[in-house]
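Single-letter residue listing:
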Amino acid sequence: MDEAKVRQLLEEVRLGTLQADDAVLALRALPFVDLGFARVDHHRSLRQGLAEVVYGPNKTPNQCGAIVAELLQANSGPVLLTRANADQAAVALAQNPAGHQHKHGEDWNTVVWQSAIPRNNKVMVVAAGTADLPVADEANVVLTAHGLAPIRISDVGVAGIHRILGEAEQLLTADAVVVVAGMEGALASVVGGLTPAPVIAVPTSVGYGSSLEGVTALLAMLCSCAAGVTVVGVDNGFGAACAVLRLLAPKSTLQQNQLV
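As the structure is a computational prediction, the values presented were derived from the model and not from experiment.

**Observations concerning the overall build of the chain**
For step 1, the next point in the chain: Tallying secondary structure elements over the chain gives twelve helices and eleven strands in all.
For step 2, the next point in the chain: For the chain, buried positions account for 43% of its 260 residues.
For step 3, the next point in the chain: Summarising the internal contacts of the chain: among those between residues at least 6 apart in sequence, 65% fall at separations of at least 24.
For step 4, the next point in the chain: Here the chain displays about 13,000 Å² of accessible surface, and carbon together with sulfur accounts for 56% of that area.

In structure tokens:
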């Protein structure tokens, strides 16, 4: 349940089109519903502007399906199942039709129900190499589910730096940029030096030799010479997308009133 839905309930009570008891029933699920194996947080969208997301690993397929069903019952915004394997995605979709499955790599899926209304922010998702695409795809799907239409730029790593320089004009007009890179992670610094927009850097576990499954790229991004680059964990395209959503979130009516 988000702020708009709460305000709608209150307005219906004020107008007399909804009984107070019915409004109380609708609000009873706040702040969470206990399913026995999970406590589903319906209050998160009201607090943070982003609804709870279902993280697939270590859950059974039926648990994934049940949590998705509970979120769909109470949420007007997007519902996501992330990092799901094929069985989890199949069961969740069978129990909750009308979702859309997005496959990243071999057995890594994001399933989306109820995408948000479109937003006009200009967001870019930049991937250094083709091997980084599963992580970039995850970020892209999460952003798209929340109403954005990210511009994708792929295979522009620093080994051929002219490729990203050819996108400098677009980078200058972006509202936020997600940069996904493995190896030594240098692309984040390059992009950070080309755009005034917030840059969210995602190190990936792609790389030869001493890449250390993404740790080398992580440390390089944390030490970026381009001031203000924000870094999330290795392979965390989901977290990068959520960082962008927080940065670009419109202030709620309550926040606006508090600022006056």
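**As for helix α5 (residues 86–95)**
For step 1, the next point in the chain: The set of residues buried in α5 consists of Q88, A89, A92 and L93. The arc enclosing the buried residues of α5, seen along the axis, measures out at 125°, which places them on a common side. Counted as exposed and oriented over 90 degrees from the buried face of α5: D87 and A94.
For step 2, the next point in the chain: Summarising the contacts, the buried residues of α5 are in contact with α4 (61–74), β4 (79–84), β5 (100–103) and β6 (109–113).

**Examining the environment of G185**
For step 1, the next point in the chain: Looking at the element boundaries, G185 is found in the loop between β9 (176–181) and α9 (187–192).
For step 2, the next point in the chain: Overall, the relative accessible area of 3% leaves G185 in the buried class.
For step 3, the next point in the chain: In this structure the C-alpha to C-alpha distance between G185 and P203, which are 18 residues apart in sequence, comes to 6.3 Å.
For step 4, the next point in the chain: In this view, G185 contacts A217 and M221; residues no more than four positions away in its chain are not counted.

**A few points about unusual backbone geometry**
For step 1, the next point in the chain: Despite not being glycine, D155 has its phi angle at roughly 60°, a positive value.
For step 2, the next point in the chain: If you trace the backbone, D155 turns up in the loop between β8 (151–154) and α7 (162–165).

**Considerations on the sheet that holds β6**
Hydrogen bonds along the backbone pair up the strands of a sheet, which may run parallel or antiparallel.
For step 1, the next point in the chain: Strand order in the open sheet formed by four strands is β3-β4-β6-β5, with mixed pairing between adjacent strands. Edge strands, defined here as strands with exactly one partner in the open sheet, are β3 (54–55) and β5.
For step 2, the next point in the chain: Relative to the sheet, α4 contacts β3, β4 and β6, its axis offset from that of β4 by approximately 160°.
For step 3, the next point in the chain: Against the sheet, helix α6 (residues 133–145) touches β4, β5 and β6, its axis set at about 5° to β6.

**So, the nonpolar core**
For step 1, the next point in the chain: Within the largest apolar cluster, 28 residues are counted, with the highest numbers of intra-cluster contacts made by L143, V178, I200, V202 and V244.
For step 2, the next point in the chain: Elements with a contribution of two residues or more to this core: β7 (123–127), α6, β9, β10 (199–203) and α11 (237–248).
For step 3, the next point in the chain: Counting residues in each nonpolar core, the second largest holds 21 residues, with M124, A128, I153 and A197 among its members.

**Looking at the environment of G147**
For step 1, the next point in the chain: Its place among the elements puts G147 in the loop between α6 and β8.
For step 2, the next point in the chain: We classify G147 as buried; its relative accessible area is 9%.
For step 3, the next point in the chain: Residues G147 and N121 lie 26 residues apart in sequence; the distance between their C-alpha atoms is 9.3 Å.
For step 4, the next point in the chain: With near-sequence residues (within four places) excluded, G147 lies in contact with A116, I117, P118 and R119.

**What to know about the sheet that holds β9**
For step 1, the next point in the chain: Pairing in this open sheet of five strands is parallel, and the strands run β8-β7-β9-β10-β11 from one edge to the other. Looking at strand neighbours, the two that pair on one side only are β8 and β11 (230–231), the edges of this open sheet.
For step 2, the next point in the chain: Those strands touched by α11 are β7, β9 and β10, and its axis lies near 170° from that of β10.

**Some details on the layout of surface pockets**
For step 1, the next point in the chain: The computed volume of the second largest pocket comes to approximately 210 Å³.
For step 2, the next point in the chain: As for the second largest pocket, its lining consists of 17 residues, of which A128, G129, G157, V158 and M183 are closest to the centre.
For step 3, the next point in the chain: For the lining of the second largest pocket, the class distribution of residues is nine nonpolar, four polar and four charged.

**Observations regarding the environment of N236**
For step 1, the next point in the chain: Structurally, N236 is set in the loop between β11 and α11.
For step 2, the next point in the chain: Judged by relative accessible area, which is 26%, N236 ranks as partly exposed.
For step 3, the next point in the chain: With 100 residues separating them in the primary sequence, N236 and A136 have C-alpha atoms 9.1 Å apart.
For step 4, the next point in the chain: What N236 contacts, discounting residues up to four positions off in sequence, is R83, V135, E138 and V202.
For step 5, the next point in the chain: In this structure the side chain of N236 is engaged in a polar contact, spanning 2.8 Å, whose partner is the backbone nitrogen of G239.

What counts, and at which threshold
- Residues numbered from 1 in each chain as written.
- Predicted model: local features only at pLDDT ≥ 70, side-chain atom pairs only at ≥ 80, totals over all residues.
- Heavy atoms only, no water.
- Helix = DSSP H or I, 4+ residues; strand = E, 2+ residues; numbered from the N terminus.
- Buried < 20%, exposed > 50% of the residue type's maximum accessible area, 1.4 Å probe, protein only.
- Contact = heavy atoms within 4.5 Å.
- Areas by Shrake-Rupley, 256 points an atom, 1.4 Å probe, with all protein chains shown as cover.
- Arc of directions from axis to C-beta.
- Pairing = 2+ DSSP bridges.
- Axes fitted to C-alpha atoms, helices over the stretch in contact; angles between N-to-C directions.
- Core = buried A, V, L, I, M, F, W, Y, C linked by side-chain atoms within 4.5 Å.
- 1 Å grid on protein atoms, 1.4 Å probe; cavity = no way out; pocket = protein on both sides within 12 Å on 5 of 7 lines; lining within 4 Å.
- Points joined across faces, edges and corners; volume = space filled by probe spheres on them.
- Nonpolar A, V, L, I, M, F, W, Y, C, P; charged D, E, K, R; others polar.
- Polar contact = N/O pair within 3.5 Å; in protein donor to acceptor, adjacent residues only side chain to side chain.

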